[in-house]
Amino acid sequence: MAFVVETKGIGRRDYSENIEVATEPFIRSRQLRFFYSIRYTALAALTYPNVYEAPLAFLVNGQLQDAAPSTPYLFSFLTVAANRNALVALQFNRYESYQDYLNGNIAEVLGCSYGYEKTDLRFTKPIPTREGSVYSVYIAEFSNLAFNLELAIHGLIGALETLE
Amino acid sequence: MSKEEQVKVEGELIVGDQKVKIESQKIRKRKMSQGA
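Because the structure is predicted, anything quoted here is derived from the model rather than measured.

## Remarks on the sheet that holds strand 2 (residues 50-55) of chain A
And then number 1: Ordered in space as 7(A)-6(A)-9(A)-2(A)-2(B)-1(B)-1(A)-10(A)-5(A)-8(A), the 10 strands form an open sheet in which the pairing is antiparallel. Of all strands in the sheet, those bounded by a partner on one side alone are strand 7 (108-116) and strand 8 (118-128) of chain A. Averaged over all pairs of adjacent strands, the angle between strand axes in this sheet comes to 20°, irrespective of strand direction.
And then number 2: Where strand 2 of chain A and strand 2 (residues 18-31) of chain B come together, four bridges link them in antiparallel fashion. Bridge pairing links E53 of chain A to R28 of chain B in strand 2 of chain B.

## Thoughts on the environment of S24 of chain B
Residues and elements named next belong to chain B.
And then number 1: With respect to the secondary-structure elements, S24 resides in strand 2.
And then number 2: Assessed through the 10 C-beta atoms surrounding it within 10 Å, S24 is described here as exposed.
And then number 3: Separated by 17 residues in the primary sequence, S24 and V7 have C-alpha atoms spaced 5.5 Å apart.
And then number 4: Setting aside residues no more than four positions away along its own chain, S24 makes contact with Q6, V7, K8 and V9.

## Observations concerning the environment of K31 of chain B
And then number 1: Turning to its location among the elements, K31 of chain B is positioned in strand 2.
And then number 2: Filtering out sequence-adjacent residues up to four positions away, K31 of chain B remains in contact with P49, N50 and V51 of chain A.

## What to know about the confidence of the model for chain A
And then number 1: In the predicted model, chain A carries a mean pLDDT of 87, and the fraction of residues at 70 or more is 80%.
And then number 2: Ranking the helices and strands of chain A by mean pLDDT puts strand 9 (residues 134-141) of chain A first, with 97, and helix 1 (residues 19-22) of chain A last, with 55.

## Regarding the nonpolar core
And then number 1: With 41 residues, the main nonpolar core has L90, V137, I139 and A140 of chain A as its most contacted residues.
And then number 2: Beyond its immediate sequence surroundings of up to four residues, I139 of chain A is in contact with V51, Y52, A54, V80, A89, L90, L149 and L151 of chain A.

## Quick word on the interface of chain B and chain A
And then number 1: Across the contact, 23 residues belong to chain B and 30 residues belong to chain A.
And then number 2: Mapped by element, the contributors of at least two residues to the side of chain B that touches chain A are strand 1 (4-15) and strand 2 of chain B.
And then number 3: Residue contributions to the side of chain B that touches chain A peak at nine residues, all from strand 2 of chain B.
And then number 4: Looking at the side of chain B that touches chain A residue by residue, the class counts come to 11 nonpolar, six polar and six charged.

Scoring rules and cut-offs
- Residues numbered from 1 in each chain as written.
- Chains lettered and ligands numbered in written order.
- Predicted model: local features only at pLDDT ≥ 70, side-chain atom pairs only at ≥ 80, totals over all residues.
- Pairing = 2+ DSSP bridges.
- Helix = DSSP H or I, 4+ residues; strand = E, 2+ residues; numbered from the N terminus.
- Axes fitted to C-alpha atoms, helices over the stretch in contact; angles between N-to-C directions.
- Buried ≥ 20, exposed ≤ 12 C-beta atoms within 10 Å, placed from the backbone.
- Contact = placed C-beta atoms within 7 Å.
- pLDDT = per-residue confidence, 0-100.
- Core = buried A, V, L, I, M, F, W, Y, C linked by C-beta atoms within 7 Å.
- Nonpolar A, V, L, I, M, F, W, Y, C, P; charged D, E, K, R; others polar.

Written as structure tokens, this is what we have:
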């Protein structure tokens, strides 16, 4: 909706009056933040290239579900940390369906990272989920010992704001 | 198909001002993707 500045007097138009109203952004959508964190304890030892895969959950009407909802989750940061200086791995995956997830038919590897004690994936342009897709992470610590891991994921929910 | 394993976890999903606790999760063993 265009804001019309009322004209007063003669000469050059003065837009300084009510300018704060004229430039007020009109927010068409509202975003929520999401924060997902899981602490795994005493997972059985792994050797490369074996990893554990955990599906990510989405909150819809107070219930957790595996399939991405119609309102997209925008993933911007994923991190995994161990409690000792060992090689850790993190991979972020998308599947077309839950059946594909069960069968291990990855549609897209959205990111993969290794590090000692800690590693993360940062997306400067957040990755939006597709409705119905299933998302998972591969997590591992390659120390040949039982291990603990902390996984944390941050992002936003909803369409990007449109300013007018 | 790899075997599914139910593990106890301490977790939560926070969306806005809603918080849901996650106390267990089904995980499975996989192999890291080729070339990753």
